[in-house]
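Take a look at the letters that make up each chain.
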Amino acid sequence: EAGVTQSPTHLIKTRGQQVTLRCSPISGHTSVYWYQQALGLGLQFLLWYDEGEERNRGNFPPRFSGRQFPNYSSELNVNALELEDSALYLCASSQTGRGTGELFFGEGSRLTVL
Amino acid sequence: AQTVTQSQPEMSVQEAETVTLSCTYDTSESDYYLFWYKQPPSRQMILVIRQEAYKQQNATENRFSVNFQKAAKSFSLKISDSQLGDAAMYFCAYRRNNAGNMLTFGGGTRLMVKP
């Protein structure tokens, strides 16, 4: 069974540009979570989607947005990129919005903003 | 808001020895879950062990066990018989009840295992 897949794995952008990151959850999982992992920092919660709806968002500016498609895959969009957006963006999925808390993570998308 | 604190940025252990990673958290909730996740250099995070707050018994998974002190809001991870493959970043995480599987993570502890 395929795990959580993310694309692209690495990308380089310049300040002011826009980026779209993609995530495919494990088959049967309806919840997708996005986290930002900046160098030397822990994981900061960005967004949670479940059944196509945004359920919660972390303390990030509105230029961070996303969506979840009917097949439960998800996109994270970041507009007007800033240098501090350089980070590893991790996507995770779980079966439903409830449960015992195990998240299944992808390998992440490494974004570098120059 | 809940916070999770890992006070040890780096730890080192000799192969076959035992190491304990510390984690404290702050919450006003009484029902929640706690987790330890491992992030090897390949970056994919995996669940190591979980603890339900309503359970008094400490969780164990093979060489991994926790010391859950609810009153002290402490949740440490003990790794016995450390192996080279245990070298990774370890993250403590908290999930309050009725919040889906949205986790709050600590800053992480880098564990190095010396042969």
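Scroll up to find the structure this text is about.
Here we summarise the structure given alongside this text. (Residues numbered from 1 in each chain as written. Chains lettered and ligands numbered in written order. Predicted model: local features only at pLDDT ≥ 70, side-chain atom pairs only at ≥ 80, totals over all residues. Heavy atoms only, no water.)

**Examining the sheet that holds strand β3 (residues 19-24) of chain A**
Residues and elements named next belong to chain A.
Argument step 1. Overall, antiparallel pairing links the four strands, which are arranged β1-β3-β8-β7 in an open sheet. Here the strands that pair on one side only, and so sit at the sheet edges, are β1 (5-7) and β7 (64-68). Within this sheet the neighbouring strands show an average axis-to-axis angle of 15°, counted without direction.
Argument step 2. Bridge count for β7 against strand β8 (residues 74-78) is five bridges, and the pairing is antiparallel. What sits directly across from Arg-67, in β8, is Glu-75. (Pairing = 2+ DSSP bridges. Helix = DSSP H or I, 4+ residues; strand = E, 2+ residues; numbered from the N terminus. Axes fitted to C-alpha atoms, helices over the stretch in contact; angles between N-to-C directions.)

**Digging into the nonpolar core**
Generally speaking, soluble globular proteins have nonpolar side chains that are buried together.
Argument step 1. Counting residues in hydrophobic clusters, the biggest one holds 25 residues, and the most contacted among them are Tyr25(B), Trp36(B), Phe75(B), Leu77(B) and Tyr90(B).
Argument step 2. Elements with a minimum of two residues in this core: β3 (19-21), β5 (32-39), β6 (46-52), β8 (64-69), β9 (74-79), β10 (88-96) and β12 (109-114) of chain B.
Argument step 3. By residue number, the principal contributor to this core is β10(B), which donates four residues.
Argument step 4. Non-local contacts of Leu77(B), meaning those with residues more than four positions away in its chain, are made with Val19(B), Thr20(B), Leu21(B), Trp36(B), Ile49(B), Phe64(B), Ser65(B), Val66(B) and Tyr90(B).
Argument step 5. The next biggest cluster of nonpolar side chains, apart from the first, holds 22 residues, and it includes Cys23(A), Leu46(A), Leu81(A) and Tyr89(A). (Core = buried A, V, L, I, M, F, W, Y, C linked by side-chain atoms within 4.5 Å. Buried < 20%, exposed > 50% of the residue type's maximum accessible area, 1.4 Å probe, protein only. Contact = heavy atoms within 4.5 Å.)

**A short note on the environment of Arg67(A)**
Residue and element names in this part refer to chain A.
Argument step 1. Tracing the sequence through the fold places Arg-67 in strand β7.
Argument step 2. Residue Arg-67 is classed as partly exposed on the basis of its relative accessible area of 45%.
Argument step 3. Here the alpha-carbon distance between Arg-67 and Ser-94, two residues 27 residues apart in the chain, equals 16 Å.
Argument step 4. Those residues in contact with Arg-67 that lie beyond four places of it in its chain are Tyr-49, Ser-73, Ser-74 and Glu-75.

**A closer look at the packing of aromatic side chains**
Argument step 1. A complete count under the given rule lists 16 aromatic pairs over all chains for this structure.
Argument step 2. Considering the side-chain rings of Tyr35(A) and Phe45(A), the 5.8 Å spacing of their centres and the 65° angle between planes classify their relative orientation as edge-to-face. Taken together, the positions of Tyr35(A) in strand β4 (residues 31-37) and Phe45(A) in strand β5 (residues 43-50) put the pair ten residues apart, joining distant regions of the chain.
Argument step 3. Given the relative accessible area of 0%, Tyr35(A) is considered buried.
Argument step 4. Overall, Phe45(A) belongs to the buried group, its relative accessible area being 13%.
Argument step 5. Taking 6.3 Å as the distance between ring centres and 80° as the angle between the ring planes, the aromatic pair formed by Phe68(B) and Phe75(B) counts as edge-to-face. With respect to burial, Phe68(B) and Phe75(B) carry one shared label: buried.
Argument step 6. Taken together, the aromatic side chains of Tyr35(A), Phe45(A), Phe105(A), Tyr33(B), Phe35(B), Tyr37(B), Phe91(B) and Phe105(B) make up a single cluster linked through ring pairs. (Phe/Tyr/Trp six-rings, centres within 6.5 Å; stacked < 30°, edge-to-face > 60°.)

**Here's the deal with the state of the cysteines**
Argument step 1. Counted according to the given criterion, the structure contains two disulfides over all chains.
Argument step 2. Two residues, Cys23(A) and Cys91(A), share a disulfide whose sulfurs are 1.8 Å apart. Negative torsions about the S-S bond denote left-handed disulfides, and the value of about -65° found for Cys23(A) with Cys91(A) makes this one left-handed. Here Cys23(A), found in strand β3, pairs with Cys91(A), found in strand β9 (residues 87-94); they are 68 residues apart in sequence, far enough to count as distant. Both residues of the pair, Cys23(A) and Cys91(A), belong to the buried class.
Argument step 3. Covalent S-S linkage joins Cys23(B) and Cys92(B), the inter-sulfur distance amounting to 2.0 Å. On the sign convention where negative means left-handed, the S-S torsion of about -70° between Cys23(B) and Cys92(B) marks this disulfide as left-handed. One end of the pair, Cys23(B), is in the loop between β3 and β4 (24-26); the other, Cys92(B), is in strand β10, and 69 residues separate them in sequence. By the burial criterion, Cys23(B) is buried, and Cys92(B) matches it. (Disulfide = S-S within 2.5 Å.)

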